[in-house]
Amino acid sequence: MKKIGHRGAKGHVAENTLESIQKALDLGVDMVEIDVHRCKSGELVVIHDFTLDRTTNGSGEITKFSLQELKKLKVENQFEIPLLTEVLDAISGKCQLNIELKGLNTAQETCRIVEGYVQNRNWDYSDFIVSSFQKNELFQVLDRNKNIPLAVLSKASLAEAMILAKQLRAKILHPALGIVTKENIAEAKTAGFQINVWTVNDSEAIARMKALDVDGIISDFPDRF
């Protein structure tokens, strides 16, 4: 079962920062999960929310700020907002990476970067998962490059996620912990899907996921299992 660090190691260090990702690597994760948005100047930045207010000392929508402006802000008063490329360079060969397309218009630039790292930086397509709740973004990835592994995120219905995944030719499902049952996990596995569950933090939930034989656990505390 894969140990997947949620936004790095969110339970230990500020989420979606290079320092949090390094902490996840130090804890021996098999994969790191991050979120990307496209900023005003076009770059993909690693941050979860559509706005700056919760995690930084800035305020407003990410899409209205250039990279130069975003780099002047601080996450929890000490960390920088990283670029997707900076995360890739930090991970390089140490684990796999799950890129969640959080914002709109993120698919094409994500594909371009992934393709570049596969062609020039010794990465393989199997080192990546691209996931999203935004099905239009996932279809854009499929249309551009069928070699990039896709995952369908779901917090409502695993059955509906399986239908969408089949349309996307995706082999991976990322259900929320709250929708997971013995029956729907068995059904998904029988249908040939890999299943990584989020966000699994306490010992009881970790034990239940192990008993269900899921393929991966996405956790704020990847050192707990």
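Residues numbered from 1 in each chain as written. Predicted model: local features only at pLDDT ≥ 70, side-chain atom pairs only at ≥ 80, totals over all residues. Heavy atoms only, no water.

**Concerning the overall build of the protein**
Basically, it comes down to this: By definition, any uninterrupted DSSP run of H or I lasting at least four residues is a helix, any uninterrupted run of E lasting at least two residues is a strand, and each is numbered from the N terminus. A radius of gyration in this sense is built from C-alpha atoms; the matching globule rule multiplies 2.2 Å by the number of residues raised to 0.38. Type-normalised accessible area, obtained with a 1.4 Å probe on protein chains alone, sets the label of each residue: buried when under 20%, exposed when over 50%, and partly exposed for intermediate values. For this analysis, residues touch if any pair of their heavy atoms sits within 4.5 Å. Accessible surface is estimated by sampling points in the Shrake-Rupley manner with a 1.4 Å probe; for residues, cover comes only from the protein chains shown.
What the protein contains, in helices and strands, is 8 helices and 9 strands. Its C-alpha atoms give the protein a radius of gyration of 17 Å, within 12% of the compact-globule value 17 Å for 225 residues. Dimensions along the principal axes, computed over C-alpha positions, put the protein at roughly 50 × 40 × 35 Å. A total of 225 residues make up the protein; the buried ones form 55% of that total. Counted over contacts in the protein with a minimum sequence separation of 6, partners at least 24 positions apart contribute 54%. Carbon and sulfur atoms provide 45% of the accessible area of the protein, an area that totals close to 10200 Å².

**A look at the layout of surface pockets**
Rules: Definitions used throughout: a 1 Å grid over protein atoms alone; a cavity as a set of points that fits a 1.4 Å probe which cannot get out; a pocket as an open set with protein on both sides within 12 Å along at least five of seven lines; a lining residue as one with an atom within 4 Å of a point. Grid points are joined across faces, edges and corners, and a volume is the space filled by probe spheres set on the points.
As a volume, the largest pocket reaches approximately 170 Å³. Along the walls of the largest pocket sit Ser 132, Phe 133, Lys 135, Val 152, Leu 153, Ser 154, Lys 155, Ala 156, Ser 157, Glu 160, Ala 161 and Leu 164, which together make up its complete lining. At the level of elements, strand 6 (150-154) and helix 6 (158-168) are the ones that each hand at least two residues to the lining of the largest pocket.

**Looking at the nonpolar core**
As a rule of thumb, nonpolar side chains are buried together in soluble globular proteins. For the record, the criterion: What makes a nonpolar core is a set of buried Ala, Val, Leu, Ile, Met, Phe, Trp, Tyr and Cys residues whose side-chain atoms join them at distances within 4.5 Å.
The biggest cluster of nonpolar side chains holds 57 residues, and the ones touching the most others in it are Val 32, Ile 34, Leu 84, Leu 97, Leu 173 and Met 209. The contacts of Leu 84, once residues within four sequence positions are left out, are Ile 34, Val 36, Leu 44, Val 46, Leu 97, Ile 99 and Ile 113. Ala 14, Cys 39, Leu 70 and Leu 73 belong to the second largest nonpolar core, which has 14 residues in total.

**Examining the side chain of Glu 33**
For clarity, the cut-off: A residue counts as positive if it is Lys or Arg and as negative if it is Asp or Glu; His and the chain ends are not included. For salt bridges, the criterion is a side-chain nitrogen of Lys or Arg within 4 Å of an Asp or Glu carboxyl oxygen.
Within the secondary structure layout, Glu 33 lies in strand 2 (residues 31-38). We note that Glu 33 is buried and unpaired, the nearest opposite charge coming from Arg 7 at a distance of 4.9 Å. When neighbours within four sequence positions are excluded, Glu 33 is seen to be in contact with Ile 4, Gly 5, His 6, Arg 7, Gly 8, Asn 16, Asn 98 and Glu 100.

**Thoughts on the side chain of Glu 137**
Short version of the rule: For the purposes of these results, a polar contact is taken to be a pair of N or O atoms within 3.5 Å, where, inside protein, one atom must be able to donate a hydrogen and its partner to accept one; residues adjacent in sequence count only when each atom of the pair is a side-chain atom.
With respect to the helices and strands, the residue Glu 137 is situated in helix 5 (residues 135-144). No salt bridge is formed by the buried Glu 137, whose closest oppositely charged neighbour, Arg 38, lies at an N-O distance of 8.4 Å. A polar atom in the side chain of Glu 137 sits 2.9 Å from the backbone nitrogen of Ala 107. Apart from residues no more than four positions distant in its own chain, Glu 137 is found in contact with Leu 101, Gly 103, Leu 104, Asn 105, Thr 106 and Ala 107.

**Description of the pairing of strand 7 (residues 172-175)**
Applied cut-off: Strand pairing requires that DSSP identify at least two bridges connecting the strands. Here a crossover is taken to be right-handed if, once the strands point away from the viewer, the path from the first strand over the helix to the second is traced clockwise.
The two faces of strand 7 match: Ile 172 and His 174 on one face and Leu 173 and Pro 175 on the other face are all buried. Of the pairings in the sheet, the one linking strand 6 to strand 7 comprises 4 bridges and is parallel in character. By the bridge assignment, Leu 153 is partnered in strand 7 with His 174. Crossover connection from strand 6 via helix 6 to parallel strand 7: handedness right-handed.

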